[in-house]
Every structure is written in C-alpha cells, then in structure tokens.
Amino acid sequence: MKKNMRLAVSALIVLLLTSAFSQKAAQHLLSSDELKKAVPEEFFFRGQKAPVQLRNATGFQTAGGKVTFGALVDASGYSTAIQEKYQGMLITESKLNIGGSELAPGEYGFGFTAEKFVVMNIASEDILSVPYQTDAELKRAVPLKLVEDGAGYKLYGGKKWVAVKPE
C-alpha cells in the first residue's frame, strides 16, 4: 500500500512539473533582472563599439518566449551625422511591426530624429523610417521606456513614441 502511494505521489509530481515546463511564457515587459541578463555592455555599430546604458534599457518577452529589448548607447565617439540618428540599440528575436512597417529579427541601431523614428542596420543604413507621435500630456518623460498598449507597446524616447507590436 505504501509503495502504491509513493508511486502515485511520484507520478503526480512528474505530471505537475511537466505541465509547468510545457506552458507557454506569458507576454510581459522585462524586469530589471531579466534586462541585466540580456543587455550587452557594448554594442557594435558602424565599425565601433559603444557603451550601452543599462539604466536606460527596456524590453519585452512574447508569449512564445522570444525577447525584444533596446537600450540607449553612448554615441559620443561617432561622427555628428551618425549621432543625429543613432541613439540606441535594438535586438529582437521576433518580427516586429513598428509604426505600420515590418522589421525582421536582428540587431539594429535606432533613433528619434527631428521628423521620424529611424531603424538602421549595423552598417548605419536606414531600413525603417516611420513618423512618431508626441505625448504632450506626459508628465514625466524618461529617456527610454515601453508602455503596454493592447497587444503591443508604445516605445517612448522622451515624449516621442512609436507603436511596437510583436508578430
């Protein structure tokens, strides 16, 4: 009888553990601990490495477990022409819809220019350029953050933002 009870309890534990590990991850904003594990200290862009600002990093995980994150970088070593557009790095494991345009998985530089939100490949070539919105009522603007917005997010750079949705 004791042997059957132990066997039943062992089977129940195995079943519970299997169920817990097979469940899909829930879509969520990344915590500071998750960002610390993912965000690199430096990011290679246009022939140089730039220090990444972990304090200005944000990201999310999709329901399928794929991660997307971005952070501001110190672009002081770059030419003025590059500094005008290159403010941060973006790494995504899934396709994104940014402001109505599709972005493939990969590693990119990005920036909010005077007129648009621009995403560049690591050679500093524009691959996506979309208009951004301005949130004039935002009380406390921060350099970079994500805010949940339905099935997607708003990526803020100060008071400027673009819609970002994983596909």
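Residues numbered from 1 in each chain as written. Predicted model: local features only at pLDDT ≥ 70, side-chain atom pairs only at ≥ 80, totals over all residues. Heavy atoms only, no water.

With that settled, consider the packing of aromatic side chains. Note on aromatic pairs: each is described by the distance of the centres and the angle between the planes. Applying the stated criterion to the full structure yields eight aromatic pairs. When the ring of phenylalanine 60 is compared with that of tyrosine 153, the centres are 4.5 Å apart and the planes differ by 20°; the resulting orientation is stacked. Remark: tyrosine 153 occurs in strand 13 (residues 152-157) and phenylalanine 60 occurs in strand 3 (residues 48-61); sequence separation between them is 93 residues. Each member of the pair, phenylalanine 60 as well as tyrosine 153, is classed as buried. Among the aromatic side chains, those forming a connected cluster through ring pairs are Phe110, Phe112, Phe117 and Tyr132. Sitting over the face of the ring of tyrosine 156, lysine 145 holds its NZ or CZ atom 5.4 Å from the ring centroid. Its end group placed over the ring of tryptophan 161, lysine 154 keeps NZ or CZ at 4.3 Å from the ring centre. (Phe/Tyr/Trp six-rings, centres within 6.5 Å; stacked < 30°, edge-to-face > 60°. Helix = DSSP H or I, 4+ residues; strand = E, 2+ residues; numbered from the N terminus. Buried < 20%, exposed > 50% of the residue type's maximum accessible area, 1.4 Å probe, protein only. Lys NZ or Arg CZ within 6 Å of the ring centre and 35° of its normal.)

Side-chain alternation along strand 2 (residues 42-45) places Phe43 and Phe45 on a buried face and Glu42 and Phe44 on a face that remains uncovered. Note that strand 2 and strand 3 share four bridges and pair antiparallel. The partner of glutamate 42 across the bridge, within strand 3, is proline 51. (Pairing = 2+ DSSP bridges.)

Another aspect to go through is the environment of phenylalanine 43. By secondary structure assignment, the location of phenylalanine 43 is in strand 2. Phenylalanine 43 sits 45 residues away from glycine 88 along the chain, and the two C-alpha atoms are 9.2 Å apart.

A positive phi angle, near 50°, is found at arginine 46, a position not held by glycine. Along the chain, arginine 46 falls in the loop between strand 2 and strand 3.

With the rule as written, the count across this model stands at three salt bridges. We note a salt bridge from aspartate 126 to lysine 85, for which the minimum N-O separation is 2.6 Å. You can see aspartate 126 sitting in strand 10 (residues 126-131) and its partner lysine 85 sitting in the loop between helix 3 (80-83) and strand 5 (88-92), a full 41 residues away along the chain. Judged by its relative accessible area of 22%, lysine 85 is partly exposed. (Salt bridge = Lys/Arg side-chain N within 4 Å of Asp/Glu carboxyl O.)

As a further point, take the environment of glycine 99. Mapped onto the secondary structure, glycine 99 falls in the loop between strand 6 (96-98) and strand 7 (101-103). Residue glycine 99 is classed as partly exposed on the basis of its relative accessible area of 42%. Spatially, the C-alpha atom of glycine 99 lies 8.8 Å from that of serine 129, the residues being 30 residues apart in sequence. In contact with glycine 99, not counting residues within four places along its chain, are Val130 and Ala163. (Contact = heavy atoms within 4.5 Å.)

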